[in-house]
Protein chains: 2
Amino acid sequence: MSDQGILAVVSGFSGAGKGTLIRAMLDKYHNYALSVSATTRAPREGEEDGREYFFVSREKFQQMIEEEQLIEHAQYVNNYYGTPRQYVFQQMADGKDVILEIEIQGALKIKERFPEALLLFVTPPSADELKRRLIGRGTENLDVIDKRLHRAAAEAEGINSYDYILINDTVERCAEEMHRLIQAQHRKVSANLDFIGQMKSELKAI
Amino acid sequence: MSDQGILAVVSGFSGAGKGTLIRAMLDKYHNYALSVSATTRAPREGEEDGREYFFVSREKFQQMIEEEQLIEHAQYVNNYYGTPRQYVFQQMADGKDVILEIEIQGALKIKERFPEALLLFVTPPSADELKRRLIGRGTENLDVIDKRLHRAAAEAEGINSYDYILINDTVERCAEEMHRLIQAQHRKVSANLDFIGQMKSELKAI
């Protein structure tokens, strides 16, 4: 019905399970394209350039900003993160729904520049559950976990700027819900102005 | 998650199949309450007071307006139609999602007074298809059909004030889509302010 893809921004507390949800959704449904961010942070064990992130130097990142190759960028714990423009727009033009997994500063910039973007915020069912998941992941020391929890408290202040909240209780249910919320955007009146315009002309011509 | 029901307004061209869609959705899912409008128009064959409409006199309708028993009312082809307030609010407070099948004037008034209401517009896939369905229904003469089509042309101008457009190609698919769009409202940030507030306090207390 609408040919243009949806731009869906997924944010959420560290430990809320955004990555797992997105992978589950992309495994099941194939109309999505996952935007890969550029970052100046070092790769973690097992991460691959061009898959989790494009790992670039600070100089390269600066150049990308200057050449307007990024639709948003933000700083987070001394590193830069940004969304390369070309891939996103190309995929949307091809009718793919593009998923951006970015943090809250970036999400708000996207909404400012692209009001039709859909902003989803993923949260565990409670703060206690968030803490349990961060500890259970076992990849970070307690100091880092504590920092993340305090950061979460700050980030929570931004939730009200999002469109929908997704409570990640079980991956399968929540991934399905995320899919439905994104697909619903294709039925927005604003996504169907061509169809509506045609209907209007046809009705006038009867 | 959110205890309050959703207020969903369903409009659409006469002949678009709104009534059939709503019945299909209510047959399948049971968290809905269908608001019954009051009207001054005469019952059609087979219509029952309190089921399709509350059929009332002009004097009674006037009294309902004066006593603020209606959340909206509008005139359509010399008759009045209105939505009784008490039933809608009671059902929503009980957590039911309330469906109002009303025409465009009424829908816009609802949106003005209740910005959180969800406005859905049902349309056949094309103007030609709309004409075919009106003729096929066989309950009206050609003069009435012609009037309806011209009315549809006027109504089409209002579609842009709706939130979503539903293309009624097959009843089952479209009723399912209507259900999903309404359920998505429960995930709106604005429908979850209590949960978000609690999450914020819990994170601050960690």
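What you see is a predicted model; the values in this text were computed from it and never measured.

A word on the environment of glutamine 105 of chain B
Residues and elements named next belong to chain B.
No. 1: With respect to the element layout, glutamine 105 can be found in helix H4 (residues 104–113).
No. 2: Judged by its relative accessible area of 34%, glutamine 105 is partly exposed.
No. 3: In this structure, the C-alpha to C-alpha distance between glutamine 105 and aspartate 94, residues eleven residues apart in sequence, is 27 Å.
No. 4: Glutamine 105 has contacts with Ala74, Gln75 and Arg151, leaving out every residue within four places of it along the chain.
No. 5: In this structure the side chain of glutamine 105 is engaged in a polar contact, spanning 2.9 Å, whose partner is the backbone oxygen of glutamine 75.

A look at the confidence of the model for chain A
No. 1: Taken over all residues, the pLDDT of chain A has a mean of 92, while the share at 70 or more is 98%.
No. 2: Both confidence scores are given for the complex: pTM 0.89, ipTM 0.87.

Examining the interface of chain B and chain A
A common way to report how large an interface is uses the accessible area buried once the components associate.
No. 1: Contacts between the two partners involve 42 residues from chain B, matched on the other side by 42 residues from chain A.
No. 2: On the chain B side of the contact with chain A, Arg187, Leu203 and Ile206 of chain B bury the most area, a combined 18% of that side's loss.
No. 3: For the pair chain B and chain A, the number of links is four salt bridges.
No. 4: The partner of lysine 204 of chain A in a salt bridge is glutamate 157 of chain B, with the nearest N and O atoms 3.6 Å apart.
No. 5: For the pair chain B and chain A, the interface holds eleven residue pairs in polar contact (both at pLDDT 80 or more).
No. 6: Elements that contribute at least two residues to the side of chain B that touches chain A include exactly helix H5 (127–137), helix H6 (142–156), strand S9 (164–167), helix H7 (171–184) and helix H8 (193–205) of chain B.
No. 7: The element contributing the most residues to the side of chain B that touches chain A is H8 of chain B, with eight residues.

Considering the packing of aromatic side chains
No. 1: Scanning the entire structure with this criterion turns up twelve aromatic pairs over all chains.
No. 2: Taking the centre distance of 5.2 Å and the plane angle of 75° together, the rings of phenylalanine 121 of chain B and tyrosine 162 of chain B count as edge-to-face. On the criterion of sequence distance, the pair formed by phenylalanine 121 of chain B in strand S8 (residues 118–123) and tyrosine 162 of chain B in the loop between H6 and S9 is long-range, its members being 41 residues apart.
No. 3: Judged by relative accessible area, tyrosine 162 of chain B falls into the buried class, the value being 3%.
No. 4: Taken together, the aromatic side chains of Phe13, Phe121 and Tyr162 of chain A make up a single cluster linked through ring pairs.

What counts, and where the lines are drawn
- Residues numbered from 1 in each chain as written.
- Chains lettered and ligands numbered in written order.
- Predicted model: local features only at pLDDT ≥ 70, side-chain atom pairs only at ≥ 80, totals over all residues.
- Heavy atoms only, no water.
- Helix = DSSP H or I, 4+ residues; strand = E, 2+ residues; numbered from the N terminus.
- Buried < 20%, exposed > 50% of the residue type's maximum accessible area, 1.4 Å probe, protein only.
- Contact = heavy atoms within 4.5 Å.
- Polar contact = N/O pair within 3.5 Å; in protein donor to acceptor, adjacent residues only side chain to side chain.
- pLDDT = per-residue confidence, 0-100.
- Buried area = accessible area lost by both parts, 1.4 Å probe.
- Salt bridge = Lys/Arg side-chain N within 4 Å of Asp/Glu carboxyl O.
- Phe/Tyr/Trp six-rings, centres within 6.5 Å; stacked < 30°, edge-to-face > 60°.

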